[in-house]
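# Fold and contact review
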Amino acid sequence: MMTPITYELIKTDKQTGARLGRVHTPHGSFDTPTFMPVGTLATVKTMSPEELHSMQANIILSNTYHLWLRPGEDIIEEAGGLHKFMNWDKAILTDSGGFQVFSLSDMRQIEEKGVHFRNHLNGEKLFLSPEKAMHIQNALGSDIMMAFDECPPYPATYDYMKSSVERTSRWAERCLEAHKRPDTQGLFGIVQGGEYEELRKLSAQDLVSLDFPGYAIGGLSVGEPKDVMNHVLEFTTPLLPSNKPRYLMGVGSPDALIDGAIRGVDMFDCVLPTRIARNGTCMTSNGRLVVRNAKYARDFSPIDEHCDCHVCKNYTRAYIRHLIKCNETFGFRLTTYHNLHFLLKLMEQVRTAIKDDRLGDFKEEFFEQYGLNQENPKNF
Ligand SMILES: [Zn+2]
């Protein structure tokens, strides 16, 4: 199958097996492993596209479900697609809406045809199906689209998970059939199966036989312990073709990013860095820093002395704390910029370490420093 999304494997790390690669899209290429900032409503909250460019973000994620409800995919299509609508000329990945249907709405009814549920804003009845999810993402014009899948809660029984995986495979086939723009938009399949190795195998086999240009690993980071996630990754990534990108959905803490890369993941996304930023929490090379805490009222040092972002060069903890305490938008912009810059820089360091065959050593060095002064290491 011809595809607008291609993956180039540059090399693997001799210490860990992590992959250094490059993904090519109709809106430019990006190096992997990479982290994708989340722009739910066609904006990475408080960041301008110019600011995202300046921190070398080359791909962002946007949410089909939210854009379907507001402003509606027809308006975005009329604007010339999501790239034009939001003035972002680099790559965009859109999810399928499935995760929001299963996480935001409690009144849902799953049928073979699709899912009935209620709008989380006004309670109105809605229906989302593989065909509808493809129609919306085709209208948005994202470079990478995601297949509509079922994301079962954790934990789920083996029997439930098995029937869910089988349905997700049938839905994936329907997504491929309904996808109207395969020349300009690449569709990724999503491997499900929870913590069950046999079901991950079944799901991967089904999806790989459909020959998607890339694969996501779904159903992780849904409340399972960290060692379960790492274990699932260990037996799932080897099931996926080595010449296609692999995307772990909903993961954005520094430890999970490094652990995921070590297990062969290329792409990650999460609202964590932007969400905690608006709450006055920063990611730093010394661990998490809650800048709104009283002890920073007279601290005129930068958020992270090892960070070279423009926020750390020009603004102090005391000033940022003051802005956030007063709910000033500028404060949220500063912490958001720093957190995204921190994660994008971390991924750049990961790529350099893979290039030098020393990701195992880098992980040790990073956490030796990261573990210091952590105010709440488990919460990250
Ligand atoms: Zn910084």
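No experiment lies behind these values; they were computed from the predicted model shown.

### Quick word on the packing of helix α6 (residues 130-140) against helix α7 (residues 158-178)
Viewed as axis vectors pointing N to C, α6 and α7 meet at an angle of 40°, and their least axial separation amounts to 8 Å. Classed by the angle they form, the pair α6 and α7 counts as oblique. Our pair here, α6 against α7, has a crossing hand that is right-handed. Contacts between α6 and α7 pair P130, E131, M134 and N138 from the former with W171, R174, C175 and A178 from the latter. In terms of residue class, the contact of α6 with α7 is built from five nonpolar, one polar and two charged.

### Some remarks on the packing of aromatic side chains
Evaluated as defined, the whole model comprises eleven aromatic pairs. The interplanar angle of 90° and the centroid separation of 5.0 Å between the aromatic rings of F366 and F367 together place this pair among those described as edge-to-face. For F366, a relative accessible area of 9% gives the class buried. According to the relative accessible area criterion, F367 is partly exposed, its value standing at 23%.

### Remarks on the sheet that holds strand β8 (residues 115-118)
Pairing within the open sheet is antiparallel, and its three strands lie in the order β7-β8-β9. Across the chains shown, the open sheet's two edge strands, defined by having one partner strand only, are β7 (109-110) and β9 (125-128). Both β8 and β9 contribute to a ladder of four bridges, which runs antiparallel. Bridge pairing in β9 links V115 to L128.

### Examining the pairing of strand β15 (residues 281-284)
The alternating pattern of β15 places T281 and M283 and C282 and T284 on opposite faces, both of which are buried. With four bridges joining them, β15 and strand β16 (residues 287-290) adopt antiparallel strand pairing. Among the inter-strand pairings, M283 is bridged to a residue of β16, identified as R288. Linking β15 back to β16 in an antiparallel pair, the connection comprises two residues.

### A closer look at the UniProt feature "domain: tRNA-guanine(15) transglycosylase-like" (unreviewed entry) in the protein chain
The feature "domain: tRNA-guanine(15) transglycosylase-like" (unreviewed entry), as annotated in UniProt, sits at residues 16-370 in this numbering. The span residues 16-370 is 43% helical and 17% strand by assignment, and the distance between its end C-alpha atoms comes to 20 Å.

### Description of helix α15 (residues 359-370)
Relative to the 16 Å expected for twelve residues at 1.5 Å per residue, α15 spans 16 Å between its end C-alpha atoms, a close match to the ideal helical length. For α15, the set of buried residues is L359, F362, F366 and Y370. Seen along its axis, α15 keeps its buried residues to an arc of 60°; they face one direction. Residues of α15 that are exposed and point more than 90 degrees away from the buried face comprise E364 and E368. Residues of α15 that are buried in the fold lie against α10 (254-262), β15, β16 and α14 (329-355).

### Description of α14
In a regular helix each residue adds 1.5 Å, so 27 residues correspond to 39 Å; α14 covers 39 Å between its end C-alpha atoms and thus fits that length. The element α14 is extensively covered by neighbouring structure, given that 19 of its 27 residues are classed as buried. Just downstream of α14 lies D357, where phi reads positive at about 55°.

### Quick look at the sheet that holds strand β13 (residues 246-248)
Here eight strands make up an open sheet; going across it, the order is β4-β14-β13-β12-β11-β10-β6-β5 and the pairing parallel. One side of each edge strand has no neighbouring strand; the edge strands of this open sheet are β4 (34-36) and β5 (59-62). Sheet twist, expressed as the mean angle between neighbouring strand axes with direction ignored, is 25°. Bridge count between β4 and strand β14 (residues 267-269): three bridges; the pairing is parallel. Pairing of T34 across the sheet is with M267, part of β14.

Criteria and thresholds
Residues numbered from 1 in each chain as written. Predicted model: local features only at pLDDT ≥ 70, side-chain atom pairs only at ≥ 80, totals over all residues. Heavy atoms only, no water. Axes fitted to C-alpha atoms, helices over the stretch in contact; angles between N-to-C directions. Helix = DSSP H or I, 4+ residues; strand = E, 2+ residues; numbered from the N terminus. Parallel < 35°, antiparallel > 145°, perpendicular 65-115°, else oblique. Left-handed = near helix turned anticlockwise from the far one by under 90°. Contact = heavy atoms within 4.5 Å. Nonpolar A, V, L, I, M, F, W, Y, C, P; charged D, E, K, R; others polar. Phe/Tyr/Trp six-rings, centres within 6.5 Å; stacked < 30°, edge-to-face > 60°. Buried < 20%, exposed > 50% of the residue type's maximum accessible area, 1.4 Å probe, protein only. Pairing = 2+ DSSP bridges. UniProt positions renumbered as here; feature names shortened; annotations may be inferred. Expected span 1.5 Å × (residues − 1). Arc of directions from axis to C-beta.

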